[in-house]
Amino acid sequence: MTKQEQLAEWINESDRIVFFGGAGVSTESNIPDFRSVDGLYHQKYDYPPEQILSHTFFFQNTSEFFRFYKDKILIENVKPNPAHIALANLEKQGKLQAVITQNIDGLHQMAGSRNVYELHGTVQKNTCVNCRKAYSLDETKKRIHLAKDYVPRCDCGGIIKPDVVLYEEGLDSHCIERSIQAIANADVFIIGGTSLAVHPAAGLIDYYRGNRLILINKTPTVKYTQPDLEINEPIGQTLSPWA
């Protein structure tokens, strides 16, 4: 039996699948990842991306943050790829119980997934740091575009901050609890498009207690646990039979 056939068998037999994904899920939608050779961490800026995408930098150098954010995070005209579509279809069929993602692009919801836990937040929601007024992504982008210093401002004058988890900020405890519960109840756990190098998110896999742990990643993944099945292929290609 090939690895793809084994994957299909386990998916067909299960109605308690949980998916945990990282940047590699969205690279096939032309969103750059962070740690590959072509990722954001290997490009040159006035400051390292890790510093720009930090809580301290956001408030101390807000204009530079939004210049980077506009150019490198808010990628235009992105659409869900076969991986996003396949996961949404599996949810509709009652087989997939949850998507847990480290991505902030909102592509899972765009593909039709409903039960999505966004560990690092989302660019789709934005909030004034002063009065807490909510802004859509489109309205925030419009205000970034109109601002001479790239800083989107609320009607009250406050800065509109993306609802994403920056470096130095903690993850949402409710999101973590729901993710742990989903993983603990899964009979098939698929991890895709992630190096498992980002903590505390990567530590969530320790809550899986089943014997059908599947890793799908183009390159070999950091081993914190031994997978029952590992497929080193693009995730969109691997999940395309369900798209």
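Our subject is the structure that appears above.
Residues numbered from 1 in each chain as written. Predicted model: local features only at pLDDT ≥ 70, side-chain atom pairs only at ≥ 80, totals over all residues. Heavy atoms only, no water.

(A) Quick look at the sheet that holds strand β4 (residues 121-128). A sheet is described by the order of its strands in space; here 3 strands give the open sequence β5-β4-β6, paired in antiparallel fashion. Unpaired on one side and paired on the other, β5 (134-136) and β6 (160-164) mark the two borders of the sheet. Neighbour to neighbour, the strand axes of the sheet diverge by 40° on average, direction disregarded. One ladder, built from 3 bridges, connects β4 with β5; its direction is antiparallel. (Pairing = 2+ DSSP bridges. Helix = DSSP H or I, 4+ residues; strand = E, 2+ residues; numbered from the N terminus. Axes fitted to C-alpha atoms, helices over the stretch in contact; angles between N-to-C directions.)

(B) Here's a closer look at the sheet that holds strand β1 (residues 17-21). What the 6 strands build is an open sheet, ordered β3-β2-β1-β7-β8-β9; its pairing is parallel. Of all strands in the sheet, those with a lone pairing partner are β3 (116-118) and β9 (229-231), marking the two edges. When strand polarity is set aside, the average angle formed by the axes of neighbouring strands in this sheet is 15°. Strands in contact with helix α1 (residues 3-13) are β1, β7 (188-192), β8 (213-216) and β9; relative to β9, the strand with the most contacts, it is inclined by about 125°. Helix-sheet contacts for helix α8 (residues 173-184) involve β1, β2 (96-101), β3 and β7, and the interaxial angle to β3 is about 135°. (Contact = heavy atoms within 4.5 Å.)

(C) A look at unusual backbone geometry. The phi torsion at N30 lies on the positive side, around 70°, for a residue other than glycine. In this structure, N30 sits in the loop between β1 and α2 (49-52). Phi at N77 is positive, roughly 60°, even though this residue is not glycine. Its place among the elements puts N77 in the loop between α4 (62-73) and α5 (82-92).

(D) The packing of aromatic side chains, seen in detail. Under the counting rule described, the total for this entry stands at 8 aromatic pairs. Between Y47 and F57 the ring centres are 4.9 Å apart and the planes differ by 70°, which places this aromatic pair in the edge-to-face class. Placement of Y47 in the loop between β1 and α2 and of F57 in helix α3 (residues 55-60) is noted, with a sequence separation of 10 residues between them. Owing to a relative accessible area of 29%, Y47 belongs among the partly exposed residues under this scheme. Measuring from centroid to centroid gives 5.9 Å for F66 and Y69, while their planes differ by 85°, and the two rings are edge-to-face. Remark: Y69 and F66 occur in helix α4; sequence separation between them is 3 residues, near one turn of the helix. Clustering of aromatic rings is evident, with ring pairs tying together F58, F59, F65, F66 and Y69. The ring of F58 has K161 sitting right over it, with the charged end atom 5.7 Å from the ring centre. (Phe/Tyr/Trp six-rings, centres within 6.5 Å; stacked < 30°, edge-to-face > 60°. Buried < 20%, exposed > 50% of the residue type's maximum accessible area, 1.4 Å probe, protein only. Lys NZ or Arg CZ within 6 Å of the ring centre and 35° of its normal.)

(E) Quick peek at α8. In this model α8 runs 16 Å from its N-terminal to its C-terminal C-alpha over 12 residues, within 8% of the 16 Å that 1.5 Å per residue would give. Restricting attention to buried positions, one finds in α8 the residues C175, I176, S179, A182 and I183. Axial view of α8: buried residues confined to an arc of 130°, hence all on one face. Buried residues along α8 sit in contact with β1, β2, β3 and β7. At the N-terminal end of α8, a side-chain oxygen is found 3.2 Å from the backbone nitrogen of H174, two or three residues along, and the residue is D172. (Expected span 1.5 Å × (residues − 1). Arc of directions from axis to C-beta. Polar contact = N/O pair within 3.5 Å; in protein donor to acceptor, adjacent residues only side chain to side chain.)

(F) Summary view of the pattern of salt bridges. Applying the stated criterion across every chain, the model contains 9 salt bridges. Ionic pairing is found between R67 and E64, a salt bridge with its closest N-O pair at 2.8 Å. On the criterion of helical spacing, the pair formed by R67 and E64 is a turn pair, its members being 3 residues apart in helix α4. Assessed through its relative accessible area of 31%, R67 is described here as partly exposed. With a relative accessible area of 14%, E64 lands in the buried category. Between E139 and K142 there is a salt bridge, with the nearest N and O atoms lying 3.6 Å from each other. In this pair, E139 and K142 both sit in helix α7 (residues 137-146), 3 residues apart, roughly one turn of the helix. Accessibility expressed as a relative area gives 22% for E139, which makes it partly exposed. (Salt bridge = Lys/Arg side-chain N within 4 Å of Asp/Glu carboxyl O.)

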